[in-house]
Amino acid sequence: MMARRGGKRIRMDDPPPEYEELHSDALNESTSDADSPTKRMTRLRARGGVRDKPPIIDDDEDEFFAPVARKRKTPATRKPPGERKERVERPRKEPVDRGHHERIDNEREITTDENSLYYIVRHSKNAIASIVDQWIEQYKTNRETALVALMQFFINASGCKGKISEDIQYPVDHTAIIRRMTEEFDEESGEYPLIMTGTQWRKFKNNFCDFVQTLVKQCQYSIIYDQFLMDNVISLLTGLSDSQVRAFRHTATLAAMKLMTALVDVALLVSNNFDNAAKQFEAERVKSRDRRASDRLDSLMTKRSELEENMDEIKSMLTYMFKSVFVHRYRDSLPDIRAICMAEIGIWMENYPQNFLDDSYLKYIGWTLHDKIGEVRLRCLQSLLPLYEKDELKGKLELFTSKFKDRIVAMTLDKEFEVSVHAVKLVISILKIHPEILADKDCEIVYELVYSSHRGVAQAAAEFLNVRLFHLTADMEETKTKRGKLRLPNTPLVRDLVQFFIESELHEHGAYLVDSFIDSNDMVRDWECMTDLLLEEPGPNEEVLDNKQESTLIEIMVSSVKQSATGEVPVGRASNRKCTLSAKELKAIQDEKSKLTEHFIVTLPSLLEKYQADSEKLANLLAVPQYFDLNLYTTNRQEGNLQALLDRINQVMSMHTGREVLETCAKTLECLCAEGSASYTRCNIARSNIIEGAVNKYKDAIEEWRNLIQGEETPNEDDIYNITITLKVLSILYSSHNLNPWDLFKSLFQDVEEAQSKENVDRCLPNEALAYCIEACYFSISWGLYYVENDCESVNVTDVVAELRNNLDTFMAACFELTRDGPTVQIQEAAYQSICDLLIIFSDKLARSEIEHIRGLEYKSRMDEHLILDNFVQHYVFSLKQDVAQDETRIEELHKKRNFLACYCKLVVYNIIPTMRAASIFKYYVKCYNDYGDIIKATLGKAREINKVNFAMTLLLSLITVFKSLQEQHEDGIVSKSSQEFIDLKELAKRFALTFGFDALKNRESVAAIHRGGIYFAANKQPEDPVRAPTRLLFLEVLNEFNYKLLKQDKKVIMGCLDKIIPPGMPSSRAEEWQPLVLYRNSLLHGETDQAPVASKRAYTRKRRDHDEEEEEEDDEEEHNDPDYRG
């Protein structure tokens, strides 16, 4: 029998020392102290006097805090002949037909013996049960041979090619076998089957687990009790699980844990059989003597004794393996091993709670909740969840819950989203069975997660709220409105939801709140309940909704309508949801759209009438028709309500002046006038009337204004207000509807032209009105191009195109002048945005059109125009003066500046202006990273795609510009290399160098161009004294940041270029001013920074990470090599 080995008894309320000490000395008890753990052991080292040393030794601390190195696929270097040890000749294996079993995923084969269990499990298409049956038949014939085959299976599954001799002595010395296998385990790769990637290896891992469990299942009635098979297998696995070789330890631990799981199933079956036998025995015993069958009583007693003996044997195996394997491996240095232990102990507790669901076992899961690896923490939670879902286990979990409740609640904020989701689900289970344990502060932590950026976390938090707050109870009283209408059941829940949203103080995240609840609580789709609360007067026992509550309810309602009609989650909320919807999902969305349309067709006009004076509520309510199924207006005979809606929109357009309300009206009107809908005619007439009214108001206002100006009268405040509002309405309508049939461009452009000419400044429109004028002109030209491309008849197309071309040229000229020297910032901004958008619209894509007239509409910008745009961006975006405004104002201002920068960068990305123009933008990459880093970074990537050499010269120009500005700050033009400004310049160069990625071959020409251009710049300005160094020589230190991107052969070319411009003997002294040249030349001469050319496709595959703090690998080369800069 195997020797029993115990573990240290730890009280459940003791702190877990392995997590307090960061696994410093207890992660892997088998680590040797003889040699440095960072030194990789090879077979030669193992045989060189220390035979019991393994070839691969884990550095426990390093393994815990860093990922495992990936296998290098380059062949290992040969060792010198004198270093080799003579190998023992082994029998030559029979040649194997390689075509019969090609290598999967180009990985090595552990063995080519087709009769071995490993080969059969790995390659055979037969069921695992049949493979196990064949082995059992072999075991019954010759158990020693079968045992060797099974032990060999575990050795091979670990990736070891060593072979166990079939004539081993019994009892087996497993320690000697493991030592010999360790010596023969000479793979330097660090890979083994359990961690290899690919479908075939995943299949093998599943087959491996199934084989172990099926083996126990098929042997459960006799073989596992023969004190031969299980003793030897358990002893081998226990020894391997304690090995320093990771492959042995990982594979053996997995096998041992699966073996325990299978034994737990057997123990459960034996326990049930024992209980049944005991009941039968007791029933037979209580019978009277004349009715009792004595032989049956004896057989039942014998059966019960046998089952009891078997049960004791299985429990003995489980106890030994738990203390010998689990207790040591649950805190192993390898996260995969810890995860296996946590996953399996959960299965034992769930399947056999009477033996394993005890505080002495639960404590291991509780302690491992503190693990630093997300996957291990996740396995702990997944093990606990099924336990909390069973009411009969409630009592056994009470102490554990009280001890580890705080940790579980804290894990709801885990940085791993999957861990956070499961933690919330576990807190929900705790709430159901132990509601008194959770304090209010615990619940509030979960409440806030409904606004999480991750959809799964938010939905789990919403489910928690459903259980704790938002569910109907029997004691809820029915309430009625003032006129006696019975309130709907969800009314109290909707009221609570509104109050919850208000108290959370996240008033711009209504869409996030709705998305969290939309799949789990029908209250957010109970639009009838919501409209009743808004329209019906409250009854005697009801509280009146205040203004804030009404606004919040409307925001929630409209967000629900939008998501129900589109199926789209809010912007910025990450989700694992697939992008394309199934036919079933599309039908469900269409059904919801029809449902909400039927409801709001009737109620929306009343809501608009009630809140016609509140612009905030109107802006939300007017968006609802954008999600209607418009055909229902005619099929349900609701033309009257359609007309009522159109009348309300017309009324709002004439009454309100808020931009948000007017833009929503214009957009809704555009949706209602969708061509092809049955209600198009009616809506189009209403739209024409609205536009006609707005145009007439504008014409009246502008005529009155011009009459006042001509009469040399000063317009009063009413006149200014009137012309500003009419132009505002006109501009907003122009953004969604084609107003060109009303021929407004000449009138609008007249005021723009007057402002640009500056001849009569007093005659110009107010600044705000002029900005709307510019916007309207822009929309007029855009609609003109749309008309030419889509609706224009061929008869008059020449005249239309000529007029459009003239309007475009004159408007662009005026806008460039206003951008350069506009009277106010507001006008400059409007002109700048119009220019950028029109340059995109009328770019060279028009020159590629099949229609001849359209090809002539391309607008080709000039260099002086590019300079105007550049100066605007430099002045208004990158002015570094400190803002003293309020936070909200500062955020709005930053948003506006980001928009300006994005407009300019789009021109570079679409190659409308030369890439060189971006040099003035790129120089702020480091200085302004927090505000504009993402925009500049994206522009860098796109500019590189256009032309790599041109991109490289743009980066060089950017660096030169900064260097020149540093020189201008000093009278003598000498830049101090220790100054912060120069250090920042070198950092900028370093960031630029990272944008070239790892592929030196791809960027060879562009990197060389930077060096050549930089050398010419550095040596260009010679001082009068020939002994003195060039004044720009310090720039070579900036170029040094690009040296490691040069290939070895290119360094020689650059050295030749350097020697031509600055001869090696030129410096007559080693003065400080010549040091940049010395450093640069040394860097080119020496090979420390040489890097081998890398193929464009990676020649390796990355092992899945072992550490949750490892950064996610980026597929894009730019992202991989230019991580976010944090200043």
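Residues numbered from 1 in each chain as written. Predicted model: local features only at pLDDT ≥ 70, side-chain atom pairs only at ≥ 80, totals over all residues. Heavy atoms only, no water.

J.: I'd like a description of the overall build of the chain, backed by residues and values.
T.: Helix and strand content of the chain: 46 helices and 0 strands. Split into buried and exposed, the 1127 residues of the chain put 50% on the buried side. Across the chain, contacts joining residues at least 24 apart in sequence account for 74% of those joining residues at least 6 apart. Per element, the accessible surface of the chain, about 55,200 Å² overall, is 47% carbon and sulfur. (Helix = DSSP H or I, 4+ residues; strand = E, 2+ residues; numbered from the N terminus. Buried < 20%, exposed > 50% of the residue type's maximum accessible area, 1.4 Å probe, protein only. Contact = heavy atoms within 4.5 Å. Areas by Shrake-Rupley, 256 points an atom, 1.4 Å probe, with all protein chains shown as cover.)

J.: Lay out the packing of aromatic side chains in plain terms, naming residues and giving numbers.
T.: All chains considered together, the criterion is met by 46 aromatic pairs. Measuring from centroid to centroid gives 4.8 Å for F153 and F211, while their planes differ by 55 degrees, and the two rings are tilted. Of this pair, F153 sits in helix α6 (residues 143-157) while F211 sits in helix α8 (residues 199-218); the two residues are 58 residues apart in sequence, bridging distant segments of the chain. One exposure class covers both F153 and F211, and it is buried. (Phe/Tyr/Trp six-rings, centres within 6.5 Å; stacked < 30°, edge-to-face > 60°.)

J.: Run through the packing of helix α24 (residues 583-610) against helix α27 (residues 639-655), naming residues and quoting values.
T.: Orientation of α24 relative to α27, taken along the N-to-C sense of each, is 25 degrees, at an axis distance of 9 Å. In terms of orientation, α24 and α27 fall into the roughly parallel class. As for how α24 packs across α27, the hand of that crossing is left-handed. Contacts from I601, V602, L604, P605, L608 and E609 in α24 reach N641, A644, L645 and R648 in α27. Of the residues in the contact of α24 with α27, the class split is 7 nonpolar, 1 polar and 2 charged. (Axes fitted to C-alpha atoms, helices over the stretch in contact; angles between N-to-C directions. Parallel < 35°, antiparallel > 145°, perpendicular 65-115°, else oblique. Left-handed = near helix turned anticlockwise from the far one by under 90°. Nonpolar A, V, L, I, M, F, W, Y, C, P; charged D, E, K, R; others polar.)

J.: Residue-level account of the pattern of salt bridges, with values.
T.: Tallying each qualifying case throughout the model produces 41 salt bridges. A salt bridge links K258 to E344; the shortest N-O distance between them is 2.9 Å. Of the two residues, K258 is situated in helix α10 (residues 246-285) and E344 in helix α12 (residues 335-351); the sequence distance between them amounts to 86 residues. Note on E344: relative accessible area 4%, which makes it buried. Linking R573 and D515 is a salt bridge whose minimum nitrogen-to-oxygen distance equals 3.1 Å. Of this pair, R573 sits in the loop between α23 (547-566) and α24 while D515 sits in helix α21 (residues 510-517), and the two are 58 residues apart along the sequence. One exposure class covers both R573 and D515, and it is buried. Each of D242, R249, R329 and D332 takes part in a single network of salt bridges with overlapping partners. (Salt bridge = Lys/Arg side-chain N within 4 Å of Asp/Glu carboxyl O.)

J.: Got a sec to walk through a negative patch on the surface? Specific residues and values, please.
T.: There is a patch of like negative charges on the surface, built from E306, E308, E309 and D312. As for its position among the elements, E308 is in helix α11 (residues 294-329). E308 sits in the partly exposed class, given a relative accessible area of 42%. (Patch = residues over 30% accessible without salt bridge, like charges linked within 9 Å, V, L, I, M, F, W, Y side chains within 5 Å. Lys, Arg positive; Asp, Glu negative; His and termini not counted. Charge placed at Lys NZ, Arg CZ, Asp CG, Glu CD.)

J.: Now, about the state of the cysteines: what can you tell me, with residues and values included?
T.: This structure, assessed with the given rule, holds 0 disulfides. With no disulfide of its own, C836 lies closest to C903 among cysteine sulfurs, the gap being 5.0 Å. Judged by its relative accessible area of 1%, C836 is buried. (Disulfide = S-S within 2.5 Å.)

J.: If you had to explain the environment of D358 to someone new, which residues and values would you point to?
T.: Inspection of the secondary structure assignment puts D358 in the loop between α13 (353-356) and α14 (359-368). Spatially, the C-alpha atoms of D358 and K396 are 6.8 Å apart, while their sequence positions differ by 38 residues. At 2.6 Å, the side chain of D358 forms a polar contact with the side chain of S360. (Polar contact = N/O pair within 3.5 Å; in protein donor to acceptor, adjacent residues only side chain to side chain.)

J.: Explain the confidence of the model for the chain to me, using residue names and the numbers behind them.
T.: Keep in mind that low pLDDT regions are not for reading the predicted coordinates in detail. Summary statistics for the chain give a mean pLDDT of 82 and a share of 82% for residues scoring 70 or more. Taken together, the stretch residues 1-107 has pLDDT below 50 and engages in 185 contacts with residues farther than four places along the chain or on a different chain. (pLDDT = per-residue confidence, 0-100.)

J.: Go over the packing of helix α32 (residues 767-790) against helix α34 (residues 825-841) with me, naming the residues and quoting the values.
T.: With their axes 8 Å apart at the nearest point, α32 and α34 run at an angle of 10 degrees to one another. Put simply, α32 runs roughly parallel to α34. Along its contact with α32, which presents N767, E768, L770, A771, I774, Y778, I781, S782 and L785, the element α34 presents Q826, I827, A830, A831, S834, D837, L838 and I841. Here the residues of the contact of α32 with α34 sort into 11 nonpolar, 4 polar and 2 charged.

J.: Please provide a residue-by-residue account of unusual backbone geometry, values included.
T.: Working note: non-glycine residues mostly have negative phi, and peptide bonds are mostly trans. Positive phi, close to 55 degrees, is recorded for R637, a residue that is not glycine. A positive phi is found at E712, a non-glycine position, where the angle reads about 55 degrees. If you trace the backbone, E712 turns up in the loop between α29 (680-710) and α30 (717-736).

J.: Describe the side chain of N807, naming the residues involved and giving the relevant values.
T.: For N807, the location among the structural elements is in helix α33 (residues 797-821). For N807, a relative accessible area of 13% corresponds to the buried category.

J.: Tell me about helix α15 (residues 374-388), residues and numbers included.
T.: Between its first and last C-alpha atoms α15 spans 21 Å; for 15 residues at 1.5 Å apiece the expected length is 21 Å, and the two agree. Judged by how many residues are buried, α15 sits mostly within the fold: 11 of 15 residues are covered. Of the surrounding elements, those touching the buried residues of α15 are α12, α14, α16 (398-410) and α17 (417-433). (Expected span 1.5 Å × (residues − 1).)

J.: Lay out α29 in plain terms, naming residues and giving numbers.
T.: When the terminal C-alpha atoms of α29 are compared, their 44 Å separation across 31 residues agrees well with the 45 Å that a helix rising 1.5 Å per residue should span. Looking at the residues trailing α29, positive phi occurs at E712, about 55 degrees.

J.: An account of the environment of R296 is requested, with residue identities and associated values reported.
T.: Positionally, R296 belongs in helix α11. It is 9.9 Å that separates the C-alpha atoms of R296 and Q280, two residues lying 16 residues apart in sequence. Contacts of R296, omitting those with residues within four sequence positions, involve Q280 and E284.

J.: Can you tell me about the environment of R180, naming the residues and giving the values?
T.: With respect to the helices and strands, R180 occurs in helix α7 (residues 174-184). C-alpha separation for the pair R180 and G162, spaced 18 residues apart in sequence, amounts to 8.2 Å. The residues touching R180, leaving out its near neighbours within four places in the chain, are K163, I164 and S165.

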